Amino acid sequence: GWSTMSVLGRSTLAAPASITAAPGGTSADVSWPAVTGATGYEVLAGGTVVATLGSGVTTTRLTGLAAGSTTTVTVRATDRGGSGPGRTTTFTNPS
């Protein structure tokens, strides 16, 4: 099995503890608690990176969403070793 020891060149970050999505119309505000040791965050919608943020930024607005559409968003912390595991949530914008 795999050990939990740090491997050089690999991220050892945790996933964000939670994600909150507040959809409205054609956008959604997404927020998450800070991850210890993170130097930034990547936000993915439908598996595509839509935002790359700095370490102090734990919220972003997704725009251009269709009313009534369902979106799966993932947030993962990043550091010089790469990105940690993501936390995912799915939400539906009001029609």
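Reading guide: rules and limits
- Residues numbered from 1 in each chain as written.
- Predicted model: local features only at pLDDT ≥ 70, side-chain atom pairs only at ≥ 80, totals over all residues.
- Heavy atoms only, no water.
- Helix = DSSP H or I, 4+ residues; strand = E, 2+ residues; numbered from the N terminus.
- Buried < 20%, exposed > 50% of the residue type's maximum accessible area, 1.4 Å probe, protein only.
- Contact = heavy atoms within 4.5 Å.
- Areas by Shrake-Rupley, 256 points an atom, 1.4 Å probe, with all protein chains shown as cover.
- Core = buried A, V, L, I, M, F, W, Y, C linked by side-chain atoms within 4.5 Å.
- Pairing = 2+ DSSP bridges.
- Axes fitted to C-alpha atoms, helices over the stretch in contact; angles between N-to-C directions.
- Salt bridge = Lys/Arg side-chain N within 4 Å of Asp/Glu carboxyl O.

Asks: Where do I start with the overall build of the chain in this structure?
Replies: Helix and strand content of the chain: zero helices and eight strands. When the helices and strands of the chain are listed from N to C terminus, the series reads β-β-β-β-β-β-β-β. The 95 residues of the chain split such that 33% are buried. Long-range pairs, those at least 24 residues apart, make up 60% of the contacts in the chain with a sequence separation of at least 6. Working note: accessible area of the chain is about 5,600 Å², and carbon and sulfur atoms make up 51% of it.

Asks: I keep staring at the side chain of threonine 71 and nothing clicks. Help me out?
Replies: Take threonine 71: it is sitting in strand S6 (residues 70-79). Among residues more than four places away in sequence, those in contact with threonine 71 are Ala45, Leu65, Thr89, Thr90 and Phe91.

Asks: Sorry if this is basic, but what is going on with the nonpolar core here?
Replies: Grouped together as the largest cluster of nonpolar side chains are 17 residues, with contacts concentrated most on Val30, Trp32, Tyr41, Val43, Leu62 and Val75. Contributions of two or more residues to this core are made by strand S2 (27-31), strand S3 (40-45), strand S4 (48-54) and S6. Considering every element that reaches this core, the biggest residue donor is S6, with three residues.

Asks: Any chance you could explain the sheet that holds strand S5 (residues 59-62) here in plain terms?
Replies: What links the strands of a sheet is backbone hydrogen bonding, and the strands pair in either a parallel or an antiparallel sense. As summarised here, the arrangement of the three strands in space is S1-S2-S5, forming an open sheet in which the pairing is antiparallel. Two strands lie at the open edges of the sheet, namely strand S1 (20-24) and S5, each paired on one side alone. The sheet shows a mean angle of 15° between the axes of neighbouring strands, taken without regard to direction. Pairing of S2 with S5, which is carried by four bridges, proceeds in the antiparallel orientation. Bridge assignment links alanine 28 to a residue of S5, and that residue is leucine 62.

Asks: Would you mind showing me how to read the pattern of salt bridges here?
Replies: Close approach of charged atoms lets side chains of opposite charge pair. Under the definition given, this model contains two salt bridges. A salt bridge links arginine 61 to aspartate 29; the shortest N-O distance between them is 2.7 Å. Of this pair, arginine 61 sits in strand S5 while aspartate 29 is found in strand S2, placing the two residues 32 residues apart along the sequence. In this structure, arginine 76 engages glutamate 42 in a salt bridge whose closest nitrogen and oxygen atoms are separated by 2.6 Å. With a gap of 34 residues between them, arginine 76 in strand S6 and glutamate 42 in strand S3 connect regions that are remote in the sequence. Using a relative accessible area of 23% as the deciding quantity, one classes arginine 76 as partly exposed.

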